[in-house]
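Residue-level structural notes
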Amino acid sequence: MKEVIRTDTAPAPFQGAPYSQAIRAGGLVFVSGQLSLKPDHAELLGDSIGEQTEQVLANLRAILEAAGTGLDRLVKTTVFLQNLDDFPGMNEVYKKHVGDQPPARSTVEVARLPSGALVEIEAIALA
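Keep in mind it's a predicted model, so treat the numbers as computed, not measured. By convention here, each chain's residues receive numbers from 1 onward along its written sequence. Local features in this predicted model are restricted to residues whose pLDDT is 70 or higher, and side-chain atom pairs enter the listing and the counts only when it is 80 or higher, whereas totals over whole chains, interfaces and linings include all residues. Here the side-chain values reflect all heavy atoms present in the structure, with hydrogen atoms and water set aside.

Attention now goes to the environment of Leu28. Within the secondary structure, Leu28 is located in strand S3 (residues 28-34). Accessibility expressed as a relative area gives 24% for Leu28, which makes it partly exposed. The spatial distance from the C-alpha of Leu28 to the C-alpha of Leu71 is 13 Å, given a sequence separation of 43 residues. Dropping the residues within four chain positions of it, Leu28 is found in contact with Ile23, Ile124, Ala125, Leu126 and Ala127. Under the scheme used here, helices are H or I runs from DSSP no shorter than 4 residues and strands are E runs no shorter than 2 residues, and both carry numbers assigned from the N terminus. Accessibility here uses a 1.4 Å probe with only protein chains present; expressed as a share of the type maximum, an area under 20% marks a residue as buried, one over 50% as exposed, and anything in between as partly exposed. Residues are treated as being in contact if the distance between any of their heavy atoms lies within 4.5 Å.

So, in structure tokens, the structure goes:
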């Protein structure tokens, strides 16, 4: 059985696209990739990788909390960077939020992200 997770404290699916913010299933919460958008805003927050990563993690936190869990229960993340040279700046912010038992992680450079974002992060957490 799967349960759709939806909160107004994080951005709604991008431009009305057919996906959920998150799905809870089998004791896990699967969070869709998050950009540095604030709820009810169409523009990215921040011009730097640090600023954008902070907002992305705030969005992940809000969705996980709506699902009854948190960043401390992350088991896997995937980080998409528009430029792999931004890895140190993203990583500096990321490590402040994932605690002393960080999740498994993959980081990849992609050709383009929606709205010209510098970073997108998707996550899996324990429910």
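Only one rule defines a salt bridge in this text: a Lys or Arg side-chain nitrogen within 4 Å of an Asp or Glu carboxyl oxygen. All told, the structure shown has 4 salt bridges when counted by the stated rule. Put simply, Glu3 and Arg24 hold a salt bridge, and the shortest N to O gap is 2.9 Å. Of this pair, Glu3 sits in strand S1 (residues 2-5) while Arg24 sits in strand S2 (residues 22-25), and the two are 21 residues apart along the sequence. On the accessibility criterion, Glu3 (37% relative accessible area) is partly exposed.

Moving on, we get to the side chain of Glu120. In this fold, Glu120 is placed in strand S6 (residues 119-126). When charges are counted, neither His nor the chain ends are considered; positive counts come from Lys and Arg and negative counts from Asp and Glu. Buried within the structure, Glu120 lacks any salt-bridge partner; its nearest side chain of opposite charge belongs to Arg112, at an N-O separation of 11 Å. Discounting residues that sit within four places of it in the chain, Glu120 has contacts with Gly33, Gln34, Leu35, Thr78, Val79, Phe80, Leu113 and Pro114.

Moving on, we come to the side chain of Gln34. Topologically, Gln34 is positioned in strand S3. In protein, a polar contact requires one atom able to donate a hydrogen and another able to accept it; more generally it is a pair of N or O atoms within 3.5 Å, and residues adjacent in sequence count only if both atoms are side-chain atoms. Reaching out from Gln34, the side chain makes a polar contact with the backbone oxygen of Ser32 at a distance of 3.1 Å.

Taken together, the buried positions of helix H2 (residues 87-97) are occupied by Met90, Val93, Tyr94 and His97. All buried residues of H2 fall inside an arc of 100 degrees around its axis, so they share one side. Structural note: H2 exposes Pro88 and Lys96 on the side pointing more than 90 degrees away from its buried face. Positive phi shows up at Gly99, right after H2, with a value of about 80 degrees. Arc, as used here, means the arc of the directions from the helix axis to the C-beta atoms.

Counting residues in hydrophobic clusters, the biggest one holds 26 residues, and the most contacted among them are Val31, Leu60, Val119 and Ile121. Among the elements that make up this core, the one with the highest residue count is helix H1 (residues 49-66) (7 residues). Apart from residues no more than four positions distant in its own chain, Val31 is found in contact with Gln21, Ala22, Leu60, Ile63, Leu64, Glu122 and Ala123. Listed in part, the 5 residues of the second largest apolar core include Leu37, Phe80, Leu113 and Ala117. We define the nonpolar core as a collection of buried residues of types Ala, Val, Leu, Ile, Met, Phe, Trp, Tyr and Cys that are connected through side-chain atoms lying within 4.5 Å of one another.

The subject of this paragraph is the packing of aromatic side chains. Any pair of Phe, Tyr and Trp rings, taking the six-membered ring for Trp, is counted once the centres come within 6.5 Å. Such a pair is stacked with planes under 30 degrees apart, edge-to-face with planes over 60 apart, and tilted for the rest. What the rule picks out here adds up to 0 aromatic pairs. Seen from the ring of Tyr94, Arg105 lies directly overhead, with NZ or CZ sitting 4.5 Å from the centre. Counted as over-ring charges are cases with an Arg CZ or a Lys NZ within 6 Å of the ring centre that also lie within 35 degrees of the ring normal.

A word on the sheet that holds S3. The strands making up a sheet are joined through hydrogen bonds of the backbone, oriented either antiparallel or parallel. Strand pairing requires that DSSP identify at least two bridges connecting the strands. Strand order in the open sheet formed by 6 strands is S1-S2-S3-S6-S4-S5, and the pairing between neighbours is mixed. The open sheet is flanked by S1 and strand S5 (104-109), the only strands paired with a single partner. Adjacent strand axes in the sheet meet at a mean angle of 15 degrees, parallel and antiparallel pairs treated alike. Sheet topology places S1 next to S2; 4 bridges connect them, and they run antiparallel. Opposite Lys2, over in S2, you have Ala25 as the bridge partner. Under this scheme, a helix contributes an axis fitted over its contacting stretch, all axes are lines through C-alpha atoms, and angles between N-to-C directions fall in the 0 to 180 degree range. Here H1 sits on the sheet and contacts S1, S2, S3, strand S4 (74-81) and S6; the angle it forms with S6, its principal contact strand, is near 30 degrees. Along the sheet, H2 makes contact with S4, S5 and S6, crossing S5 at roughly 150 degrees.

These figures capture arrangement, not role.
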